[in-house]
Amino acid sequence: MTKQASSERQYIATLQPQTQVDAVFRIADRQLRSNRQGNPYLLLQLQDRSGVISAMRWNADEKLAERFPKGGYVKVQGMTQLHNGNMQIIVNQMQHIDADQVAIEEFDALDRGQVEADWQTLCKLVDTITDATVSAICQEILADEQTRKLLKIAPAGTKTHHAYPGGLLEHIVSLMQLCEFASSHYGQVNRDLLLAAALVHDLGKIQELSFENELNYTDAGQLLGHLVQGVVMLETFAKRIKDKGHAMDAQKLLRLEHIVVSHHGTLEHGSPKVPMTLEALAFQYLDELDAKINAARDLVHQDRTSDPWTAYNPTLGRKLFKKSFGAD
């Protein structure tokens, strides 16, 4: 029997520097590392419904690490501190907590109201696709029970952008709205293909990632990756609508699959092909825009210092001026 959520618990998003912490968290990740002097320490990624925070336990060893597996719960006592603009916890004491002793709602980061709003927006946008076969494959995807279930809870990734439950759906809807604008501004772009691309470009992530318990990569995700998996899924859905008498135009299916495999933009970023159609070229930059803006917002949100600038972020390759994001 799980406990009721406490209104007094310390949530990660509310922690301030130099604060004593005494709370239960879920272990999103943990690694045993050594500092420059060769002394081992345990690096933890702790999670509750409000966010994720790094924590360090000095003087750790393999035996201690094994007591605190990923996906488990731990009661942490320690002190917060700022490190390169990010909050972290220096752990003094750790205690394993059984899952049946926690209030599950304290760790559920999914905003169900927002998810349902995003889903309704997605369905309305798909309904505006006028090309019969492009519409048919999109509607088939949305009608698939397992796909629908996973799209409503999946993150868009593990770290880089939209890396939270419901993040993939949020990213898809935002991209479809960007595609709507871009197709009206650039008249030569095929609007229906561009909107369909927003829906399917990261569809493979619901097979690449395991996220219903702990966030990780599946074996197939490690071996194939979501670009390949996405094309395979598209072929499957295309066969389904063909069996129902709505065979998709082969050229349009090919162009849609090309967007999936090329949307990372370069070979160095994991695309086996670079964008070679007008829609693929446009989509690459729209996808990058949405991902980068989301990553930048998260960086500013997570920075707790009074400095008007964030710390240098290697993923974005820069510091950010926090006041331009509305930060105090």
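Our subject is the structure listed above.
In this text, all values refer to a predicted model and were calculated from it rather than measured experimentally. (Residues numbered from 1 in each chain as written. Predicted model: local features only at pLDDT ≥ 70, side-chain atom pairs only at ≥ 80, totals over all residues. Heavy atoms only, no water.)

(A) Layout of the overall build of the protein. A tally of regular secondary structure across the protein gives eleven helices and seven strands. Taken over the C-alpha trace, the protein has a radius of gyration of 22 Å; the compact-globule value for 328 residues is 20 Å, and the two agree within 12%. Projected onto its principal axes, the C-alpha positions of the protein cover 65 × 45 × 40 Å. Looking at the protein as a whole, 45% of its 328 residues qualify as buried. If the 34 positive side-chain charges of the protein are averaged to one point and the 41 negative ones to another, these points end up 4 Å apart. (Helix = DSSP H or I, 4+ residues; strand = E, 2+ residues; numbered from the N terminus. Rg over C-alpha atoms; globule rule 2.2 N^0.38 Å. Buried < 20%, exposed > 50% of the residue type's maximum accessible area, 1.4 Å probe, protein only. Lys, Arg positive; Asp, Glu negative; His and termini not counted. Charge placed at Lys NZ, Arg CZ, Asp CG, Glu CD.)

(B) The arrangement of helix H2 (residues 112-127) in detail. Its 16 residues give H2 an end-to-end C-alpha distance of 23 Å, which sits within 8% of 22 Å, the value for a rise of 1.5 Å per residue. For H2, the set of buried residues is Val115, Asp118, Trp119, Leu122, Leu125 and Val126. Looking straight down H2, one finds its buried side chains confined to an arc of 130°; they lie on one side. Within H2, the exposed residues directed more than 90 degrees away from the buried face are Gly113, Lys124 and Asp127. In this structure, the buried residues of H2 make contact with helix H3 (132-143), helix H4 (145-151), helix H5 (167-185) and helix H6 (191-200). (Expected span 1.5 Å × (residues − 1). Arc of directions from axis to C-beta. Contact = heavy atoms within 4.5 Å.)

(C) A look at the sheet that holds strand E2 (residues 40-48). What the five strands build is a closed barrel, ordered E1-E2-E3-E5-E4; its pairing is mixed. Across the sheet, the mean angle from the axis of one strand to that of its neighbour is 50°, orientation sign disregarded. Where strand E4 (residues 73-83) and strand E5 (residues 86-97) come together, eleven bridges link them in antiparallel fashion. Bridged to Gly78 within E5 is Val91. (Pairing = 2+ DSSP bridges. Axes fitted to C-alpha atoms, helices over the stretch in contact; angles between N-to-C directions.)

(D) Examining the pattern of salt bridges more closely. Within this structure, the stated rule accounts for 17 salt bridges. As a salt-bridge pair, Glu106 and Arg9 come within 3.0 Å of each other at their nearest N and O atoms. Note that Glu106 is positioned in the loop between E5 and H2 and Arg9 in the segment before strand E1 (20-34), a separation of 97 residues in sequence. Residue Arg9 is classed as buried on the basis of its relative accessible area, which comes to 13%. A salt bridge links Lys70 to Asp29; its shortest N-O distance comes to 4.0 Å. Of this pair, Lys70 sits in the loop between helix H1 (62-66) and E4 while Asp29 sits in strand E1, and the two are 41 residues apart along the sequence. Classification of Asp29 as partly exposed rests on a relative accessible area of 22%. Here the salt bridges share partners, and the residues they tie into one network are Glu140, Asp144, Arg240 and Lys244. (Salt bridge = Lys/Arg side-chain N within 4 Å of Asp/Glu carboxyl O.)

(E) Just unusual backbone geometry, in detail. Even without being a glycine, Gln18 presents a positive backbone phi close to 55°. With respect to the helices and strands, the residue Gln18 is situated in the segment before E1. Look at His162: it is not a glycine, yet its phi comes out positive at around 50°. Mapped onto the secondary structure, His162 falls in the loop between H4 and H5.

(F) Structural detail: the environment of Asn313. Turning to its location among the elements, Asn313 is positioned in the segment after helix H11 (278-302). Spatially, the C-alpha atom of Asn313 lies 9.7 Å from that of Asn84, the residues being 229 residues apart in sequence. For Asn313, the residues in contact, after removing those within four places along its chain, are Leu299 and Arg318.

(G) Up close: the pairing of E2. For E2, the buried fraction is high: seven of the nine residues fall into the buried class. Summarising the sheet, E1 and E2 pair through eight bridges and their orientation is antiparallel. Bridge pairing in E2 places Gln31 opposite Leu43. The turn linking E1 back onto E2 is made up of five residues, and Gly38 within it adopts a positive phi angle of 85°.

(H) Inspection of the pairing of E5 at higher detail. Pairing between strand E3 (residues 51-58) and E5: three bridges, direction parallel. Across the sheet, residue Ser54 finds its bridge partner in E5, namely Gln88. Where E4 folds back onto E5 in an antiparallel hairpin, the turn is made up of two residues, including Asn84, whose phi is positive at roughly 55°.

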